[in-house]
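Examination of the molecular architecture
Chain by chain, the residues:
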Amino acid sequence: MTKSISSKFSLNLELPPSCIQFSPAHPTYLVTGTYNLQRDENNAASDAPTTDEATEPQSTGTKAQSRDGSLIVYEMKDNVLRHVQTLSTPSALLDLRFSHIAGQQDIMAVISSTGTLAMFRFDPAGEPNAPLQPLATSRCDDLDESVLFLQCQWHPAHSNIMGVTTSAGSARLLRLDEQWRICDWTDLDVANTLEAWCIAFAPSGREPVSLGQTTVYCGGDDSILRYTTSAYGSHPRATEDMEVVPLPSILKNQHNAGVTAILPLDAFDAEGSRLVITGSYDDSIRLFAMRDPDPAAFTKRAELLAEENLEGGVWRLDLVHANTSAESPIFRVLASCMYAGARLVQFARDKQGAWQCDVLAKFEEHQSMNYGCGIVPGSEGQKTLQCVSTSFYDKLICLWDVELEC
């Protein structure tokens, strides 16, 4: 039975929230990015980052749009979010990601509506009133400022490599120097014909990513998921080691609208295909078994295992829980579902080997686009799961709980 949830705490922001994440190094702290589209006096004051007007370059003769944003730091204590710091930014923000690399989890990357990558250090112990400190801001010289960076991901093994997607449809790897500035980039052969909304990494095969190649997935507005394999030498900071193996695979006719979220799991089917969860503008979440690109294979197989309509465009996916046992695998995911709010979803395989998808809980207090959700660190393995979610036009952050049966 699906549970409907009410918030325990909520607050309003000055600007619309577009992305959100807890700090892995300081898990009681939360950072929110905002996106504000300024209009002239004859138009509305703000717009969402996914509308055509917000993503398409301006035509000749049209006054360029102006977007700005902010980074807001909160501390969570006793089920209340306490404001700590606000940093205004000259561009609107579309995604932010803390590094997962050991010894580097205080580093945060932020991408913007003018194609910039801004790096920050997060240190609430050293700077309790201003824990977010700028390190560098850079961009790719070959991209016009009308091109937006739409999503970013840290490479799973190399601390100075990031993947980004753009409103021009490209997916590229960025190499950062010692000062956290972009010093080189490589375009992947998984470009979208329209906006490229999402990018994700996974090890190729069952070996740890540090021992071999990496599969890179990209989804976009043309409803196609593309994936390829990239390889790095033992010197990730050497330009010649940013090698891309040109073996792209294409998953088409499986999504009825743009592919907006990709979540590769650390799990495989009996034939060795990786389990991958996707989200789409067509309101559905899907579980696939996807074989890595293989130069010896004549076909690139992907099998749809389960799908469920979540009543709203599935914009972001966050893994909550994974039980990878061969007998009874279970995966729980928190989905940001745009106008439908947030959903806690479970994929499970029955004794006959068939996969089922169930919606365990719904949070529907948001009155507009839910672009970001987060799990309160430490609650993942508890009976009570604590979640934070945002909505865009009403500029709202909510804290809510889900009571789990098992």
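Described below are features of the structure shown in this document. Bear in mind the structure is a predicted one, so any value in this text is a computation, not a measurement.

**As for the packing of aromatic side chains**
Evaluated as defined, the whole model comprises 13 aromatic pairs. Judged by centre distance (6.3 Å) and plane angle (80°), the ring pair of Trp154 and Trp180 falls under edge-to-face. Taken as a pair, Trp154 in strand S12 (residues 149-154) and Trp180 in the loop between strand S14 (171-176) and strand S15 (182-187) lie far apart in primary sequence, 26 residues in all. Look at Trp180 and you get buried, because its relative accessible area is 15%. Ring centres of Phe331 and Trp355 lie 6.1 Å apart, and the angle between their planes is 25°; on these two criteria the pair is classed as stacked.

**Some thoughts on the sheet that holds strand S2 (residues 7-12)**
The strand order across the open sheet built from 4 strands is S2-S30-S29-S28, with neighbouring strands paired in antiparallel fashion. Strands at the two margins of the open sheet, each flanked by one partner only, are S2 and strand S28 (373-375). Going across the sheet, the axis of each strand differs from the next one's by a mean of 20°, ignoring polarity. Judged from the 3 bridges that link them, S28 and strand S29 (residues 384-391) form a sheet pairing that is antiparallel. Pairing of Gly374 across the sheet is with Val388, part of S29.

**As for the nonpolar core**
As a rule of thumb, nonpolar side chains are buried together in soluble globular proteins. Core analysis: the biggest nonpolar cluster contains 23 residues, and Leu265, Leu275, Ile277, Ile285, Leu310, Leu317 and Phe347 have the highest contact counts within it. Of all elements in the fold, only strand S20 (259-268), strand S21 (274-280), strand S22 (284-290), strand S25 (330-336), strand S26 (342-349) and strand S27 (355-363) reach the threshold of two or more residues within this core. The biggest single contributor to this core is S20, with 4 residues. Once residues within four sequence positions are removed from consideration, Ile277 is found in contact with Ala261, Ile262, Leu263, Leu265, Ile285, Arg286, Leu287, Leu317, Val333 and Phe347.

**Remarks on the environment of Leu135**
Along the chain, the position of Leu135 falls in strand S11 (residues 132-139). Placed 14 residues apart in sequence, Leu135 and Arg121 show a C-alpha to C-alpha distance of 6.7 Å. Leave out the neighbours within four places in its chain, and Leu135 touches Ile107, Met119, Phe120, Arg121, Gln179 and Trp180.

Each value, and the rule that gives it
- Chains are numbered independently. Their residues run from 1 in the order of the written sequence.
- This being a predicted model, a pLDDT of at least 70 is required before a residue's local features are given, and a value of 80 or more before pairs of side-chain atoms are given or counted; all residues contribute to the totals for chains, interfaces and linings.
- Remark: hydrogens and water are excluded; side-chain values derive from all non-hydrogen atoms of the structure.
- Ring geometry is summarised as follows: Phe, Tyr and Trp rings, the Trp one being its six-membered ring, pair when their centres sit within 6.5 Å, and such pairs are stacked at plane angles under 30 degrees, edge-to-face over 60 and tilted between the two.
- Strands are runs of DSSP state E lasting at least 2 residues, helices are runs of H or I lasting at least 4, and numbering of each runs from the N terminus.
- With a 1.4 Å probe rolled over the protein chains alone, any residue whose accessible area is under 20% of its type maximum counts as buried; one over 50% counts as exposed, and the rest are partly exposed.
- The pairing criterion for strands is at least two bridges between them, as found by DSSP.
- Where helices are involved, their axes are fitted lines through C-alpha atoms of the stretch in contact, as for all axes, and angles between N-to-C directions lie from 0 to 180°.
- We call a set of buried Ala, Val, Leu, Ile, Met, Phe, Trp, Tyr and Cys residues a nonpolar core when their side-chain atoms join them within 4.5 Å.
- In this description, contact between two residues means that some pair of their heavy atoms is separated by no more than 4.5 Å.

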